[in-house]
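Structure assessment
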Amino acid sequence: MITRRDFVQQSLAVVSLGLAVPSVFSKAVAAAAEESSVRSVSGKTLIVVQMAGGVDGLNTVIPYRDLNYRRYRNELAITESDMIPVNDRAAFHPSFSRMKEILDAGKLAVIEGVGYQNPNFSHFKAMDIWQFADPEGKVNEGWLGRYFEGLTDAEGHPLTGLSYGNRLPEAFQSDKVSIPAVASLESFQLQNAVGDPNPDLRRTSLMKLYDVYRPANTRFAALLDTTLDNAYRSSIQLSEAHSNYKPAVTYPQSSLATGMRLLAELIDSGGQPGASPLRVGHVFIGGFDTHTNQPNTLTRLLRETSEAIHAFWTDVNAHGHGDDVLIMTWSEFGRRAGENAQAGTDHGWAVPMFVVGNQVKGGFYGEPPSLSSLDNGNLRFTTDFRSVYATILERWLKAPADDVLNGRFSQLNFLDA
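Since this is a predicted model, take the numbers as computed values, not measurements.

1. Considering the overall build of the protein chain
Within the protein chain, the secondary structure is distributed over 12 helices and 12 strands. Burial statistics for the protein chain: of 417 residues in total, 54% are counted as buried. Within the protein chain, counting contacts between residues at least 6 apart in sequence, those at least 24 apart form 72% of the total. Summed over its atoms, the accessible surface of the protein chain is roughly 17,700 Å², and 51% of this surface lies on carbon and sulfur atoms.

Structure below.
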C-alpha cells in the first residue's frame with residue numbers, strides 16, 4: 001500500500017519536474033521513476049459510471065414490503081409481479097435484471113442511503129459537490145484529479161485516466177495533470193489538413209511550435225507542459241488498442257456501452273492481467289431527471305445502465321482482467337419520496353450507489369433510508385458518499401484517502417481492508 005509520505009513525495013516530484021525543467025527531461029525522469037516503482041501504484045482500475053440527473057433510488061432499489069412505498073407512489077409504484085426481489089426487504093426495478101445476475105454471483109455491492117448533510121438540489125452544484133468531494137465548495141480540484149497528481153506515472157503514461165464524452169468531468173479536474181476526454185476515436189487524433197501531402201511534417205512543425213510558445217513559471221505550466229504530448233500519444237495508443245481488440249461479447253447499442261467498450265480495449269492493451277495502463281476511466285449516462293413521464297424514461301435508462309455494465313463486466317472477465325477492475329456508479333442526488341402530478345418525481349436527497357467487482361463482497365451496505373422518517377418529503381441520507389470514495393481509494397487504488405479527500409471518513413466493508 002502506498003503510504004501518505006510516498007504519496008506526498010510523488011506528488012511533489014511530478015509538480016516540480018513540470019515546473020522546473022524542459023519536458024524532455026521531465027518525461028525521462030518520470031519514466032525512470034516509473035520503472036523503479038510498483039506498477040502504477042496499485043495495478044488496479046476503477047471505472048466510474050455517472051448516472052446524471054438524479055436517479056430515483058426508490059424505484060431502483062424498491063422497499064417492496066414497506067406499506068409506505070405504495071402510499072407515496074400511488075401511480076408510479078412498480079407492480080409487484082414485475083419487480084425482481086433480491087431479498088426479503090428489497091427488489092430491483094425490472095430493468096435491472098442484468099445487475100441481479102451480478103448480485104447473484106456475489107460481485108455487486110448495493111450501498112443504500114448515500115448522500116451528505118445539508119443537500120443541495122441544484123444539479124450543477126450537487127454534481128460539483130460529488131465531484132470535488134466537498135459539500136462546502138472550497139476545493140477547486142476534482143477528487144480523482146487529486147488522486148492522479150499522486151501517481152508516479154502521471155507524466156509517463158498519457159492514459160492513466162480517460163473520460164469518454166465531450167468534456168472532462170470535474171472529478172478529473174487538476175491544475176497539474178492532463179487527462180484526456182474522448183468523444184470518439186475518429187475525433188481524438190491530430191486531424192490532417194485536406195490535401196496535405198505530408199502530414200508527418202505538419203505534425204512535427206506543430207510540436208516544435210508548441211515547444212517555442214510553451215508558458216513557463218505560471219500556475220498551469222506543469223499542466224500545459226504535457227497536454228499536447230499526452231494528447232498526441234494518447235490518440236495513438238487508443239487507436240492501437242481499438243485495432244487489436246476482440247470483444248468477448250456483443251455490446252448493446254448505446255453511448256454508455258460504446259464508452260465502456262473503449263475502456264475495456266484500453267484495459268486490455270497492457271497485454272496481460274494487471275498490466276493495464278488505465279487507473280481510472282469515466283463514462284456517462286444522462287437523462288435521469290425524471291420530472292415527467294418517469295416510467296418509460298427510467299425503464300429505458302436503467303436497462304441501458306444494467307446491460308452496459310453487464311456486457312463490460314463479462315468482457316473484462318473473459319479477457320482475464322476481472323480481478324483488477326472495479327465499477328462504481330454515482331448520481332448527484334435521489335428523488336423525493338412522493339410523486340408529482342406529471343407522472344414524475346422531483347429532486348430529492350438519498351440515492352443508492354452500486355459497486356461491481358470480483359473482489360467485491362456482494363450484498364447490501366449502509367442503512368436503508370426510512371419511508372416513515374422523511375425530512376420535508378425527502379429520504380434522509382445514512383451514508384456519506386465520501387465513505388464510499390475513501391473505501392475505494394484506500395482498499396482498491398491504494399491511495400491515502402485522508403489526503404485525497406481532505407479529511408477522514410469511515411470505510412465500508414464491501415472491499416477487504
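2. Side note on the pairing of strand β8 (residues 280-285)
Extensive coverage of β8 is indicated by the burial of 5 of its 6 residues. Here 6 bridges tie strand β1 (residues 45-51) to β8, and the two strands are oriented parallel to one another. Considered in β8, the bridge of Val49 is made with Val283. Where strand β6 (residues 161-164) lies against β8, 3 bridges are found, and the strand directions are parallel. For Leu162, the partnering residue across the bridge sits in β8 and is Gly281.

3. Remarks on the pairing of strand β9 (residues 325-330)
For β9, the buried fraction is high: 6 of the 6 residues fall into the buried class. Of the two faces of β9, both are covered, the one formed by Val325, Ile327 and Thr329 as well as the one formed by Leu326, Met328 and Trp330. Pairing geometry for β1 and β9, over 6 bridges, is parallel. Bridged to Gln50 within β9 is Trp330. Pairing of β9 with strand β10 (residues 351-357), which is carried by 3 bridges, proceeds in the antiparallel orientation. Note on β10: the bridge partner recorded for Met328 is Val355.

4. A closer look at the nonpolar core
Generally speaking, a soluble globular protein has its nonpolar side chains buried in company with each other. Judged by nonpolar contacts, the single largest core of 95 residues is most densely connected at Leu46, Ile47, Phe312 and Met328. When residues in this core are grouped by element, the largest group, 9 residues, is from helix α10 (residues 294-318). In this structure, Phe312 is in contact with Ile47, Tyr251, Met260, Leu263, Ala264, Ile267, Val325 and Ile327, ignoring residues within four places of it in sequence. Residues Ile78, Ala350, Leu371 and Leu374 belong to the second largest nonpolar core, which totals 15 residues.

5. Things to note about the side chain of Glu332
Looking at the secondary structure, you find Glu332 in the loop between β9 and β10. Salt bridges are absent for the buried Glu332, whose nearest opposite-charge side chain, Arg335, sits at 6.7 Å. Of the polar contacts made by the side chain of Glu332, one reaches the backbone nitrogen of Gly53; its length is 3.0 Å. Dropping the residues within four chain positions of it, Glu332 is found in contact with Met51, Ala52, Gly53, Gly54, His123, Ala126, Met127 and Trp130.

6. A few points about the confidence of the model for the protein chain
Chain-level pLDDT for the protein chain is 86 on average; 79% of the residues reach the 70-or-more range. Note on residues 7-40: pLDDT is under 50 here. Beyond four places in sequence and across chains, it has 53 contacts.

7. Topic: the packing of aromatic side chains
Remark: the centre distance and the inter-plane angle together describe each pair of aromatic rings, the angle taken between the planes. Within the structure shown, the criterion is met by 11 aromatic pairs. Measuring from ring centre to ring centre gives 5.7 Å for Trp130 and Trp330, while their planes differ by 20°; the resulting arrangement is stacked. Here Trp130, found in helix α5 (residues 123-132), pairs with Trp330, found in strand β9; they are 200 residues apart in sequence, far enough to count as distant. With relative accessibility at 1%, the residue Trp130 sits in the buried group. Accessibility expressed as a relative area gives 4% for Trp330, which makes it buried. Between Phe148 and Phe172, the ring centres sit 5.1 Å apart and the planes meet at 85°, which makes this aromatic pair edge-to-face. A residue pair is termed long-range when its members are at least 10 positions apart, and Phe148 in helix α6 (residues 143-149) and Phe172 in the loop between β6 and β7 (181-182) qualify at 24 residues.

8. Quick notes on the pattern of salt bridges
Throughout the structure, instances matching the rule amount to 16 salt bridges. Note that Arg261 and Glu265 form a salt bridge whose closest N and O atoms lie 2.8 Å from each other. Linking Arg261 with Glu265, this pair stays in helix α9 (residues 255-268), spanning 4 residues, or about one helical turn. Here Arg261 falls in the partly exposed class, since its relative accessible area comes to 26%. For Asp289, the salt bridge identified is with Arg335, shortest N-O distance 3.1 Å. Of the two residues, Asp289 is situated in the loop between β8 and α10 and Arg335 in the loop between β9 and β10; the sequence distance between them amounts to 46 residues. What makes Asp289 partly exposed here is its relative accessible area of 30%.

9. Here we look at the environment of Glu304
You can see Glu304 is positioned in helix α10. According to the relative accessible area criterion, Glu304 is partly exposed, its value standing at 24%. In the structure, Glu304 is positioned 19 residues away from Ile285 in sequence and 8.7 Å away in space, judged by C-alpha atoms. In this view, Glu304 contacts Ser254, Leu256 and Ile285; residues no more than four positions away in its chain are not counted.

10. Let's talk about α9
In this model α9 runs 20 Å from its N-terminal to its C-terminal C-alpha over 14 residues, within 8% of the 20 Å that 1.5 Å per residue would give. For α9, the buried fraction is high: 10 of the 14 residues fall into the buried class. Those residues of α9 lying buried are Leu256, Ala257, Gly259, Met260, Leu262, Leu263, Ala264, Glu265, Leu266 and Ile267.

Rules of the game
Residues numbered from 1 in each chain as written. Predicted model: local features only at pLDDT ≥ 70, side-chain atom pairs only at ≥ 80, totals over all residues. Heavy atoms only, no water. Helix = DSSP H or I, 4+ residues; strand = E, 2+ residues; numbered from the N terminus. Buried < 20%, exposed > 50% of the residue type's maximum accessible area, 1.4 Å probe, protein only. Contact = heavy atoms within 4.5 Å. Areas by Shrake-Rupley, 256 points an atom, 1.4 Å probe, with all protein chains shown as cover. Pairing = 2+ DSSP bridges. Core = buried A, V, L, I, M, F, W, Y, C linked by side-chain atoms within 4.5 Å. Lys, Arg positive; Asp, Glu negative; His and termini not counted. Salt bridge = Lys/Arg side-chain N within 4 Å of Asp/Glu carboxyl O. Polar contact = N/O pair within 3.5 Å; in protein donor to acceptor, adjacent residues only side chain to side chain. pLDDT = per-residue confidence, 0-100. Phe/Tyr/Trp six-rings, centres within 6.5 Å; stacked < 30°, edge-to-face > 60°. Expected span 1.5 Å × (residues − 1).

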